[in-house]
Amino acid sequence: MKLAKRLLSLGLAAAMCMTGLSFPSIQAQQPPGENLALGKTVLVSSEEGTSSQGVDTHAENAVDGNSSTCWTARTKDAAGNWDASYPEWLCVDLGGEYSISEIDLELESKNGQRIYDYKIYGSVDTAPVEGNTEIPAGFELLADRTGNTVSGVQPALELTEQTARYILVEIL
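Keep in mind it's a predicted model, so treat the numbers as computed, not measured.

S.K.: Where do I start with the overall build of the protein in this structure?
M.R.: When helices and strands are tallied, the protein shows zero helices and ten strands. Each helix (α) and strand (β) of the protein, taken in turn from the N terminus, gives the series β-β-β-β-β-β-β-β-β-β. Partitioning the contacts of the protein with sequence separation of at least 6, the portion at a separation of at least 24 is 72%. When the accessible surface of the protein is totalled, it reaches about 7,900 Å², and 46% of it is carbon and sulfur.

Next up, the structure:
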């Protein structure tokens, strides 16, 4: 069943200890303000789980609707040594196909000191494999922000209507 929606808003308010994302809202035109990502399944390339400061940074935080929580990719090895690497990604399964025309992102800013390059992909039928940093065949590039110069809230990504069930944000 294909559901027509005009606006997909991915708020990525991130407390990224290298790469972390939160999807506080994915909105659709009908009904206005509906959060399509809220409580949906999230797949990730890696996750920290609990930060060294004891903060919960599990992937589910990316779709809990709370902009003060986040997912954080694994940043340290089992011995506690710094081991962060790029790329990392987070993918939300919207649970059905939607026509997407805009994506709004908010990335961690570290007081304006951190800027991330990123790409947004969509797929109607391909889910990525957790723990794998490769973007699988079947994902279509929707937006490329390589060379991004903006910290924090990103300019709206206006798209030619794209149909997708899976939205994947890759931090480069």
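S.K.: So what exactly am I meant to see when it comes to the side chain of Glu 88 here?
M.R.: Following the sequence through the fold, Glu 88 ends up in strand S7 (residues 88–103). Looking at Glu 88, the relative accessible area reads 5%, which means it is buried. Only 2.3 Å separates the side chain of Glu 88 from the side chain of Ser 45, close enough to count as a polar contact.

S.K.: Would you take a moment to explain the side chain of Asn 148 for this structure?
M.R.: Structurally, Asn 148 is set in the loop between strand S9 (140–145) and strand S10 (157–171). A polar contact is formed between the side chain of Asn 148 and the backbone oxygen of Tyr 116, at a distance of 2.8 Å. Discounting residues that sit within four places of it in the chain, Asn 148 has contacts with Ile 115, Tyr 116, Asp 117, Tyr 118 and Gln 154.

S.K.: Can you help me understand the pattern of salt bridges in this one?
M.R.: Side-chain pairs of opposite charge can arise where the charged atoms are in close proximity. According to the stated counting rule, one finds one salt bridge in the structure shown. Here Asp 93 and Arg 165 are joined by a salt bridge, their closest N and O atoms 2.7 Å apart. On the criterion of sequence distance, the pair formed by Asp 93 in strand S7 and Arg 165 in strand S10 is long-range, its members being 72 residues apart. A relative accessible area of 12% places Asp 93 in the buried class. A residue is classified by how much of its surface remains accessible, and Arg 165, at 28% relative accessible area, is partly exposed.

S.K.: I would appreciate a short explanation of the nonpolar core in the present structure.
M.R.: As a rule of thumb, nonpolar side chains are buried together in soluble globular proteins. Counting residues in hydrophobic clusters, the biggest one holds 28 residues, and the most contacted among them are Trp 71, Ile 100, Ile 103, Tyr 118, Ile 120, Leu 157 and Ile 167. Going through the elements one at a time, strand S4 (41–44), S7, strand S8 (118–123), S9 and S10 are the ones with two or more residues in this core. The contacts of Tyr 118, once residues within four sequence positions are left out, are Leu 105, Leu 107, Ala 143, Asp 144, Arg 145, Thr 146, Asn 148, Gln 154, Leu 157, Glu 170, Ile 171 and Leu 172. Grouped together as the second largest cluster of nonpolar side chains are seven residues, Trp 89, Cys 91, Tyr 121 and Phe 139 included.

S.K.: Looking at this structure, how should I read the confidence of the model for the protein?
M.R.: Where the model shows low pLDDT, its predicted coordinates should not be examined in detail. Confidence in the prediction of the protein, expressed as mean pLDDT, is 74, and 77% of residues score 70 or more. Taken element by element, the protein is modelled with least confidence in strand S1 (residues 2–3), mean pLDDT 36, and with most confidence in S8, mean pLDDT 94. Segment residues 1–33 is flagged for pLDDT under 50; beyond a separation of four residues in sequence, or across chains, it makes 143 contacts in the model.

S.K.: Sorry, what's going on with the pairing of S8 here?
M.R.: As a general feature of sheets, a regular strand has side chains that alternate between the two faces. Most of S8 is tucked away, with five of its six residues classed as buried. Here five bridges tie S8 to S9, and the two strands are oriented antiparallel to one another. Residue Tyr 121 lies in a different strand from S9, and its bridge partner there is Leu 141. The pairing of S8 with S10 spans six bridges and is classified as antiparallel. Looking at S10, one finds that Lys 119 is bridged to Glu 170.

Reading the values: the criteria
Residues numbered from 1 in each chain as written. Predicted model: local features only at pLDDT ≥ 70, side-chain atom pairs only at ≥ 80, totals over all residues. Heavy atoms only, no water. Helix = DSSP H or I, 4+ residues; strand = E, 2+ residues; numbered from the N terminus. Contact = heavy atoms within 4.5 Å. Areas by Shrake-Rupley, 256 points an atom, 1.4 Å probe, with all protein chains shown as cover. Buried < 20%, exposed > 50% of the residue type's maximum accessible area, 1.4 Å probe, protein only. Polar contact = N/O pair within 3.5 Å; in protein donor to acceptor, adjacent residues only side chain to side chain. Salt bridge = Lys/Arg side-chain N within 4 Å of Asp/Glu carboxyl O. Core = buried A, V, L, I, M, F, W, Y, C linked by side-chain atoms within 4.5 Å. pLDDT = per-residue confidence, 0-100. Pairing = 2+ DSSP bridges.

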